[in-house]
Each structure stands twice: as structure tokens, then as C-alpha cells.
Amino acid sequence: MKLSSRRIWCCCGLLLAIAAGVWLMTRAPAQHPDTAHFLQRRAGVELVDGYRSYSSVAEVGKALQARRLGASRRTLARPPDPRYPPHALDTLTVEQLALLDTQGRLSLQFFNDRLFEIDFKPDDAAACAAALKRADPQLQRDRNGRAEHSVGDRRLATNVGLASSHVGEYLGTEPYVLWQDLRLTRERDEWDRRFGALPYKMVE
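Just so we're clear, the structure is a prediction, and the values are computed from it rather than from any experiment. (Residues numbered from 1 in each chain as written. Predicted model: local features only at pLDDT ≥ 70, side-chain atom pairs only at ≥ 80, totals over all residues. Heavy atoms only, no water.)

**Student:** It is not clear to me how the nonpolar core should be interpreted in this structure. Could you clarify?
**Tutor:** Grouped burial of nonpolar side chains is what soluble globular proteins tend to show. Membership of the largest hydrophobic core comes to 27 residues, with the highest contact counts inside it found for Y51, L106, L108, I118, V177 and W179. Within the residue set of this core, elements represented by two or more residues are strand 1 (46–48), helix 2 (57–66), strand 4 (88–99), strand 5 (102–111), strand 6 (115–122), helix 3 (125–135) and strand 9 (177–181). If one sorts the elements of this core by residue count, strand 4 sits on top with four residues. Every residue in contact with V177, bar those within four places of it in the chain, is listed here: L100, I118, D119, F120, C128, L132, L156, A157, T158 and V160. Counting eight residues, the second-largest nonpolar core is a separate cluster that includes F38, F111, F116 and F195. (Core = buried A, V, L, I, M, F, W, Y, C linked by side-chain atoms within 4.5 Å. Buried < 20%, exposed > 50% of the residue type's maximum accessible area, 1.4 Å probe, protein only. Helix = DSSP H or I, 4+ residues; strand = E, 2+ residues; numbered from the N terminus. Contact = heavy atoms within 4.5 Å.)

Below you can see the structure in the form of C-alpha cells.
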């Protein structure tokens, strides 16, 4: 039984359509060429209290659970787009945590699932300032009552000296202590400088 030319062409077209569908399903989505750079993991540094930079959200969340600390999570992420590398910011917040001889709110910040910054808002700025001074004698206040000290890739910055002063109390200065991995803060700033102006619709 011979097939007509029309049937042969129909079969060929069907096979091509199936092959194209399979190719589209298996084809990897297009990625920006710098994707690997903005997802790279390196050896981290201890920021504070055993938390190391470059740790993932899951790793830090597990550590918090082990200490029976409840944390809320907030995620801000750009949708995938070949015009730019991935960009996701996660924050884990513990409302009451004991640190530096006081209680306070701890926020752990992640850039593309890598811990890069920890922010502590102490309830007692004076007690926190004294504890910081004992822990790091090289931490010296400037004329405005702020202090900063970097060792390698680890940066510590704080205003607890100002916040605990009469001037700071009069101004209602909110105290903070900030620990950062400078490699990741530079990488985050690089991303913003190169791709931050591109329009997008935020996904939460």
C-alpha cells in the first residue's frame, strides 16, 4: 500500500513538531553569562556568634532551630531574565536574641542564598558598647560616636557609642551593630551598578 505525497508530508510535519516540542522542553533556559559569578560560594568568615558568611538560608535556619530561636523570613527576588544574573535578597529576623550583654533584634541578610550581613539592634546601647569594647579593644569611636573596624574580609560598624550618649539619647538615635563580609557587599554593589537600572517586576 503506497502512501500519498500528502500523507508523507503530513507525517514529516508531525514528526518535526514533536521533535521541536521535545527540544523546547529539554532546552535549558537562557542565562546571563555572569550567572556563575553572582552565585559563587567561597570560604566564609565568622561574622558574630558562630554565624559564617556564605552560609545558605537553609543552613542558618537550621542553626537557629537548633538554638530554639524562631525567625521570620522575607524574600525579594527579581524574576529570571537573561538580561541580568540572578538577584535574590533574603532576610531572617529574630525579634529577641541575647547578644553582647543585652537583648535585641537580629537580622541576617543573604544575597543569592549567601549570608553577607548581620544587623543587631540592641535594647541597651550602653551595655552593648561596653561588651563590644571588651571583645574588640581596637574598636575606636570617631568624633561622631561611630566606630568601624575591618579585619580581612570582615567589617564591623556600630553607632552604640553615639546612641548611648546624652546627644544620642536626645536625638533618639537607634543603636545598631553591623557585621559584613566585604566580598559579598562589593558583589551586591557591583550587581546594582551594572544591572540595577534595568526595569523588572518584583516577585515576593
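This is not the end of the story, as more comes after the structure.
**Student:** What is the right way to look at the side chain of N112 in this model?
**Tutor:** Checked against the element boundaries, N112 lands in the loop between strand 5 and strand 6. Given the relative accessible area of 7%, N112 is considered buried. A polar contact of 2.9 Å, which involves the side chain of N112, links it to the backbone oxygen of F38. A distance of 3.1 Å separates a polar atom in the side chain of N112 from the backbone oxygen of P86. If we skip the residues at most four places from it in the chain, N112 touches F38, L39, P86, H87 and A88. (Polar contact = N/O pair within 3.5 Å; in protein donor to acceptor, adjacent residues only side chain to side chain.)

**Student:** What am I meant to see in the pairing of strand 6 here?
**Tutor:** Within a regular beta strand, the side chains point alternately toward one face of the sheet and then the other, so they alternate between its two faces. Burial runs high along strand 6: eight of the eight residues are buried. For strand 5 and strand 6, the ladder comprises seven bridges, and the chain directions are antiparallel. Following the sheet pairing, R105 is matched in strand 6 by K121. Count of turn residues in the strand 5/strand 6 antiparallel hairpin: three residues, of which N112 carries a positive phi of about 50°. Bridge analysis of strand 6 against strand 9 gives four bridges, and the strand direction is antiparallel. Among the inter-strand pairings, F120 is bridged to a residue of strand 9, identified as V177. (Pairing = 2+ DSSP bridges.)

**Student:** Would you take a moment to explain the sheet that holds strand 6 for this structure?
**Tutor:** Strand pairing within a sheet occurs via backbone hydrogen bonds; the two strands may be parallel or antiparallel. The sheet built from seven strands is open, its strands ordered 3-4-5-6-9-8-7 with antiparallel pairing. Every other strand in the sheet has two partners, leaving strand 3 (72–77) and strand 7 (147–151) as the edge strands with one partner each. Here the strands of the sheet are splayed against their neighbours by 15° on average, with no regard to which way each runs. Along the sheet face, helix 3 touches strand 5, strand 6, strand 8 (154–158) and strand 9 and points at about 130° away from the line of strand 6. (Axes fitted to C-alpha atoms, helices over the stretch in contact; angles between N-to-C directions.)

**Student:** Mind showing me how you'd approach unusual backbone geometry here?
**Tutor:** One non-glycine residue, L100, lies in the positive phi region at around 55°. Structurally, L100 is set in the loop between strand 4 and strand 5. What makes L100 buried here is its relative accessible area of 16%.

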